[in-house]
Amino acid sequence: MFSSYHPDDVTVLLKDISGMVAPLATREREALIQKGVHYSEMLPLEYEPSKEYLQAYDKALELYGEMAAQAVAFVAQWIWKDKGEDVVLVSLARAGTPVGILIKHYLEKKYQAPVRHYTISLIRGRGIDRNAMAYILDRHRPGAIQFVDGWTGKGAILRQLEEAMKGYPDVDPGLAVLSDPAGLAARWGTREDFLIASSCLNSTVSGLLSRTFYRKGIIGENDFHGAAFYKNLMGQDLTYGFIRSIEQHFSFSGEWHMPEIVEPGPKGDGLKEVEEICKYFHIKDVNLVKPSIGEATRVLLRRVPWKILVNRLDDQEHLGHLYQLAKEKGVEVEIYPLRRYRACGLIRSLADN
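Calculation notes
Residues numbered from 1 in each chain as written. Predicted model: local features only at pLDDT ≥ 70, side-chain atom pairs only at ≥ 80, totals over all residues. Heavy atoms only, no water. Helix = DSSP H or I, 4+ residues; strand = E, 2+ residues; numbered from the N terminus. Rg over C-alpha atoms; globule rule 2.2 N^0.38 Å. Buried < 20%, exposed > 50% of the residue type's maximum accessible area, 1.4 Å probe, protein only. Areas by Shrake-Rupley, 256 points an atom, 1.4 Å probe, with all protein chains shown as cover. Lys, Arg positive; Asp, Glu negative; His and termini not counted. Charge placed at Lys NZ, Arg CZ, Asp CG, Glu CD. Salt bridge = Lys/Arg side-chain N within 4 Å of Asp/Glu carboxyl O. Polar contact = N/O pair within 3.5 Å; in protein donor to acceptor, adjacent residues only side chain to side chain. Contact = heavy atoms within 4.5 Å. Pairing = 2+ DSSP bridges. Axes fitted to C-alpha atoms, helices over the stretch in contact; angles between N-to-C directions. Core = buried A, V, L, I, M, F, W, Y, C linked by side-chain atoms within 4.5 Å. Parallel < 35°, antiparallel > 145°, perpendicular 65-115°, else oblique. Left-handed = near helix turned anticlockwise from the far one by under 90°. Phe/Tyr/Trp six-rings, centres within 6.5 Å; stacked < 30°, edge-to-face > 60°. 1 Å grid on protein atoms, 1.4 Å probe; cavity = no way out; pocket = protein on both sides within 12 Å on 5 of 7 lines; lining within 4 Å. Points joined across faces, edges and corners; volume = space filled by probe spheres on them. Nonpolar A, V, L, I, M, F, W, Y, C, P; charged D, E, K, R; others polar.

1. Section: the overall build of the protein
Here's step 1: Check the secondary structure of the protein and you find nine helices and 14 strands.
Here's step 2: At 19 Å, the protein has a C-alpha radius of gyration in line with the 20 Å of a compact globule built from 353 residues.
Here's step 3: Within the protein, buried positions represent 59% of all 353 residues.
Here's step 4: When the accessible surface of the protein is split by element, carbon and sulfur atoms take 49% of a total near 15200 Å².
Here's step 5: Looking at charge distribution, the protein has the averaged site of its 44 positive side-chain charges lying 4 Å from that of its 46 negative ones.

2. Some points on the pattern of salt bridges
Here's step 1: Within the structure shown, the criterion is met by 19 salt bridges.
Here's step 2: Put simply, aspartate 82 and lysine 81 hold a salt bridge, and the shortest N to O gap is 3.9 Å.
Here's step 3: Aspartate 82 gets classed as partly exposed once you look at its relative accessible area, which sits at 34%.
Here's step 4: You can call lysine 81 exposed: its relative accessible area is 51%.
Here's step 5: Residues glutamate 332 and lysine 307 are paired through a salt bridge, measuring 3.6 Å at the closest nitrogen-oxygen approach. Residue glutamate 332 is located in strand 13 (residues 332-335), and its partner lysine 307 is located in strand 12 (residues 305-310); the two are separated by 25 residues in the primary sequence.
Here's step 6: The exposure class of lysine 307 is buried, given its relative accessible area of 8%.

3. Some points on the side chain of threonine 152
Here's step 1: One can find threonine 152 in the loop between strand 7 (145-148) and helix 5 (156-164).
Here's step 2: At 3.3 Å, the side chain of threonine 152 and the backbone nitrogen of alanine 182 are in polar contact.
Here's step 3: Not counting residues up to four positions away in its chain, the partners in contact with threonine 152 are Val177, Ser179, Asp180, Pro181, Ala182, Gly183, Ala185 and Ser292.

4. A few points about the sheet that holds strand 14 (residues 343-347)
Here's step 1: Pairing within the open sheet is mixed, and its four strands lie in the order 11-14-12-13. Edge positions in the sheet fall to strand 11 (289-291) and strand 13, since each of these pairs with one other strand and no more. Within this sheet the neighbouring strands show an average axis-to-axis angle of 25 degrees, counted without direction.
Here's step 2: Judged from the four bridges that link them, strand 12 and strand 13 form a sheet pairing that is parallel. For lysine 307, the partnering residue across the bridge sits in strand 13 and is glutamate 332.
Here's step 3: Against the sheet, helix 8 (residues 293-302) engages strand 11, strand 12 and strand 14, with an angle of about 35 degrees to strand 14.

5. Structural notes on the nonpolar core
Here's step 1: Tyr57, Ile103, Phe242 and Ile246 are the most contacted members of the largest nonpolar core, which totals 67 residues.
Here's step 2: With 14 residues, the single largest contributor to this core is helix 2 (residues 51-83).
Here's step 3: With 26 residues, the next largest nonpolar core counts Tyr118, Met133, Ile136 and Ile145 among its residues.

6. Section: the packing of helix 8 against helix 9 (residues 316-329)
Here's step 1: The interhelical angle for the contact between helix 8 and helix 9, taken along N-to-C directions, is 20 degrees, at an axis separation of 10 Å. Judged on the interaxial angle alone, helix 9 and helix 8 are roughly parallel. Between helix 8 and helix 9 lies a crossing of left-handed hand. Mapping the contact onto sequence places Ile293, Ala296, Thr297, Leu300 and Leu301 in helix 8 and His318, Leu319, His321, Leu322, Leu325, Ala326 and Lys329 in helix 9.

7. As for unusual backbone geometry
Here's step 1: Here the amide bond leading from alanine 93 into arginine 94 is cis, since omega sits at 5 degrees, within 30 degrees of zero.
Here's step 2: Although it is not a glycine, glutamine 112 adopts a positive phi angle of roughly 55 degrees.
Here's step 3: Structurally, the position occupied by glutamine 112 is in the loop between helix 3 (96-111) and strand 4 (116-120).
Here's step 4: For leucine 208, which is not a glycine, the phi torsion comes out positive at approximately 65 degrees.
Here's step 5: Structurally, leucine 208 can be placed in the loop between strand 9 (187-190) and strand 10 (226-227).

8. Quick word on the packing of aromatic side chains
The description of two aromatic rings rests on the distance between their centres and on the angle between their planes.
Here's step 1: Evaluated as defined, the whole model comprises 15 aromatic pairs.
Here's step 2: Their ring planes at 55 degrees and their centres at 5.7 Å tell us that phenylalanine 74 and tryptophan 256 sit as a pair that is tilted. Here the residue phenylalanine 74 occupies a position in helix 2, and tryptophan 256 occupies one in the loop between helix 6 (239-247) and helix 7 (270-281), the gap between them amounting to 182 residues.
Here's step 3: Phenylalanine 74 sits in the partly exposed class, given a relative accessible area of 22%.
Here's step 4: Geometrically, the ring pair formed by tyrosine 135 and phenylalanine 224 is edge-to-face, given 6.1 Å between the ring centres and 85 degrees between the ring planes. In this pair, tyrosine 135 sits in helix 4 (residues 130-137) while phenylalanine 224 sits in the loop between strand 9 and strand 10, placing the two residues 89 residues apart along the sequence.

9. A few points about empty space enclosed by the protein
Here's step 1: A full pass over the atoms with the stated rule returns three cavities of 30 Å³ or more.
Here's step 2: Estimated volume of the largest cavity: approximately 610 Å³.
Here's step 3: Lining the largest cavity are 28 residues, and of these Ile157, Arg211, Glu295, Arg298 and Arg302 sit closest to its centre.
Here's step 4: Within the residue set of the lining of the largest cavity, elements represented by two or more residues are helix 1 (26-34), strand 5 (122-123), helix 5 and helix 8.
Here's step 5: Tallied by class, residues from the lining of the largest cavity come to 13 nonpolar, four polar and eleven charged.

10. Let's talk about the sheet that holds strand 9
Here's step 1: Strands sit in the order 1-4-3-7-8-9 across an open sheet of six strands; the sheet is parallel. On the outer flanks of this sheet lie strand 1 (11-12) and strand 9, each paired with one strand and no other.
Here's step 2: In terms of strand pairing, strand 3 (residues 88-92) meets strand 4 through five bridges, oriented parallel. Bridge assignment links valine 88 to a residue of strand 4, and that residue is arginine 116.
Here's step 3: The sheet contacts of helix 4 involve strand 3, strand 4 and strand 7, and relative to strand 4 the element is tilted by about 165 degrees.

What follows is the structure, encoded as structure tokens:
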């Protein structure tokens, strides 16, 4: 067990690669990605938030704690209804892990039954960690598995999961998330693009773990995918502060009802809107467009951003942390008529420089 997560909360099915891979500066890493090196073969330098940015994070936590708790309660009860008391939560590292813990805690408190929770790696373009899947399936019924993540952007990870599960026909490929603005998840807390405060930071709200890693030579044939543990950041760890701040808003009363399936905007999934953005801004690579508040935040935290798109420039309530981070990094914030999302991050094409 390597992370700041409590062992009772999650079994981390990742290989500890701490000290084995030197992290790269953002621009160096971005240049390699755009030249064709897969992002999972590198680790980024962790962003150290300013005092002002941490204040924006705290404000987001205060504003959206209750909404996040309601989303946890809604999707957790949906999972319980569909999967039953032997449900096995499998969160996608790293953003899905604190969400998986919140869902686990809610289910255990509401239904007074233990819930198993694992976190594993799913990498776009590399697939799911098959050794981790074998570990879980040796111990649990395939139909009990419920995959968990934080939110949907344009649905790339969801499509990767569906592709990976073609090799596991008895496992439900449906993803459960708190926020599903793309309208693609099987189970969701809300279709609204709202700020899940854990997206504002990196390892310090994710058990001090890096994003997941896969490079032959470091990850062997029988190894789980890797992650580094930033033990040096123990003094800055906000993981359980985030979890507790959401849980204080939990409510276990009321009867759950199946949601009415309503499209969150015009027909077509988030990918169609992304393609429209690509056309408008003359962007050749769809992977340089990252829709949703969570994805736009990630662009600012660990990519080389070009600009941030928003519906309005005075939405301090929803987007205050984005404004602050964009200001710190000198990134333009531009109005654009987003339909499904409140924000969208555009990554700079270094080939154009």
